[in-house]
Amino acid sequence: MVDLEGIKESLIKGDANKVKELVEAAVNEKTPVGDILNQGLIAGMNVVGVRFKNNEFYVPEVLIAARAMHAGMGILEPLLKESGIEPIGKVAVGTVKGDLHDIGKNLVIMMLKGGGFEVEDLGIDVPDEKFVEVAKKGTQLIGLSALLTTTMPAMKTAIEALKTAGLKDGVKVMIGGAPITQAYADEIGADGYSPDAASAVDKAKELIGAK
Ligand code: B1M
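Calculation criteria
- Residues numbered from 1 in each chain as written.
- Predicted model: local features only at pLDDT ≥ 70, side-chain atom pairs only at ≥ 80, totals over all residues.
- Heavy atoms only, no water.
- Near = heavy atom within 4 Å.
- Polar contact = N/O pair within 3.5 Å; in protein donor to acceptor, adjacent residues only side chain to side chain.
- Helix = DSSP H or I, 4+ residues; strand = E, 2+ residues; numbered from the N terminus.
- Core = buried A, V, L, I, M, F, W, Y, C linked by side-chain atoms within 4.5 Å.
- Buried < 20%, exposed > 50% of the residue type's maximum accessible area, 1.4 Å probe, protein only.
- Domains from an automatic or database assignment.
- Contact = heavy atoms within 4.5 Å.
- Buried area = accessible area lost by both parts, 1.4 Å probe.
- Salt bridge = Lys/Arg side-chain N within 4 Å of Asp/Glu carboxyl O.
- Donors = N, O, S within 2.8 Å, 3.2 Å for Na, K, Ca; no water.
- Expected span 1.5 Å × (residues − 1).

On to the site of the ligand. Of all residues adjacent to the ligand, which total 26 residues, the nearest are Leu100, His101, Asp102, Ser145 and Thr149. Side-chain polar atom of His101 to a nitrogen atom of the ligand: 2.7 Å apart, as the coordinates give it. Asp102 has a polar side-chain atom sitting 2.7 Å from a nitrogen atom of the ligand. Breaking the shell around the ligand down by element, the ones donating at least two residues are α5 (103-114), β3 (141-145) and β4 (172-176). For the shell around the ligand, the leading source of residues is α5, giving 4 residues.

Further remarks concern the nonpolar core. Grouped together as the largest cluster of nonpolar side chains are 46 residues, with contacts concentrated most on Leu11, Leu41 and Leu112. Of all the elements in the fold, those that place two or more residues in this core are α1 (4-13), α2 (16-28), α3 (33-53), α4 (59-83), β1 (90-96), α5 and α9 (197-208). With 10 residues, α4 is the largest single contributor of residues to this core. Taken domain by domain, this core gets at least three of its residues from each of domain 1 (4-83) and domain 2 (90-208). Not counting residues up to four positions away in its chain, the partners in contact with Leu11 are Val19, Leu41, Gly44, Met45, Val48, Ala65, Ala68 and Met69. By size, the runner-up hydrophobic cluster in this structure holds 28 residues, among which are Leu122, Val126, Val171 and Tyr193.

The subject of this paragraph is the domain arrangement of the protein. The domain boundaries assigned to the protein delineate domain 1 (4-83) and domain 2 (90-208). Centre-to-centre, using C-alpha coordinates, domain 1 lies 25 Å away from domain 2. At the junction of the two partners, domain 1 supplies 11 residues and domain 2 supplies 13 residues. Summed over both partners, the interface of domain 1 with domain 2 buries about 1,100 Å², with 80% contributed by carbon and sulfur atoms. By the criterion of area lost to domain 2, the three top residues of domain 1 are Met45, Phe52 and Lys53, representing 37% of everything that side buries. Inspection of the region where domain 1 meets domain 2 yields 1 salt bridge.

Counting protein donors around the cobalt atom of the ligand gives one, His101 (NE2), at 2.2 Å. With respect to the element layout, His101 can be found in the loop between β1 and α5.

All right, on to helix α7 (residues 152-164) then. Relative to the 18 Å expected for 13 residues at 1.5 Å per residue, α7 spans 19 Å between its end C-alpha atoms, a close match to the ideal helical length. Within α7, burial applies to Met152, Ala154, Met155, Ala158, Ile159, Ala161 and Leu162. Where α7 is buried, its residues touch β1, α6 (128-136), β3, β4 and α8 (182-188). Looking one or two places after α7, you find Gly166, whose phi comes out positive at around 75 degrees.

The next point concerns the side chain of Thr139. Inspection of the secondary structure puts Thr139 in the loop between α6 and β3. When its relative accessible area of 8% is taken as the criterion, Thr139 is described as buried. A distance of 3.1 Å separates a polar atom in the side chain of Thr139 from the backbone oxygen of Val134. Here Thr139 is in contact with Lys90, Val91, Ala92, Val134, Gly170 and Val171, once residues within four sequence places are set aside.

As C-alpha cells, this is what we get:
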C-alpha cells in the first residue's frame, strides 16, 4: 500500500533510506508524482519548517531532513519533468561575492524546493554579473545570502547591477543571513528580507504572488 504519511514522517525524522524506499515503492505503484511530492515530501518539509521556526528543531535536524528530502527528490525530479508538473516559481539563490558561507543558503534552498519552487543554486562568492545573467534567463526571484558584515555591501551592488542592466523591474530580490535586517533590506532596495529558511518560503511566495 502506498504510504504517503510514512514518507512525510520519515522525512521529518530525517530517515533518508526510508524516504527513498517509500518514494520508490509509491512510484512503482503508479502513485501520481504530484501526490508523492505534495502529500509526502513537501508536507514533511512544511512540518520541519514550522518546528524550526518554533525552535523545536535546530540546524542539525533540518539538515538531516534536507538530506532525506534530497533522497526523495532524486527519484522524483526526472519524473516531475516528464509529467509536466509546473513548479510554483523559479528562484536562483547564491551567497554574495567575497562570502564563502553556505550552510544557511543551502537550508534556504532545501526549504524552497520543499515548498515547490524550482531552485537554481548559484553557489558561493557569486559575482554581480552572475545575478544579472540569471535575471535575463527569466528567474522570478533572486535570493542573496551574506554572513559577514563585510560582504553585506555586495548585496547592494548586486541590486545595483540588476538596475543598471534594466532588469530590476522584472525580478524580485530577497535577502537574508545572520547580519541582515529588514532595515538593511529597505536601505538597499531589496524587495524582501527573511530571518530564517522556513520564513524564506513564505516570503518568496508572497513576493512572486504564488499561493
Ligand atoms: Co565564518 N563567520 N568566517 N565560517 N562562521 C561567522 C559568520 C562569524 C559570525 C563568526 C564569529 O566571528 N562569531 C564571523 C562574522 C563576523 C562578522 O562579519 N561580523 C565569521 C568570520 C569572521 C569568518 C571568517 C572571516 C574567519 C576568518 O577567516 N578569519 C571567514 C570568512 C570566509 C569568507 O566567507 N570569505 C569565515 C569562514 C568560515 C568557515 C569556512 C570556517 C565556515 C563556513 C562553512 C560553510 O558555510 N560551508 C564558517 C562558519 C561555519 C561560521 C559560523 C560558525 C556558522 C555560520 C552558519 O553556518 N550558521 C558563524 C558564527 C555563527 O553564526 N555562530 C560564522 C548556521 C546557518 C544555518 O545560519 O547562515 O545564519 P545562517 O542562515 C540562517 C539565516 O541567516 C537565514 O536562514 C538560515 C537558516 O535559518 N538565511 C537566509 C541565510 N541566508 C539566507 C538567505 C535568504 C533568507 C534567509 O534569502 C535569500
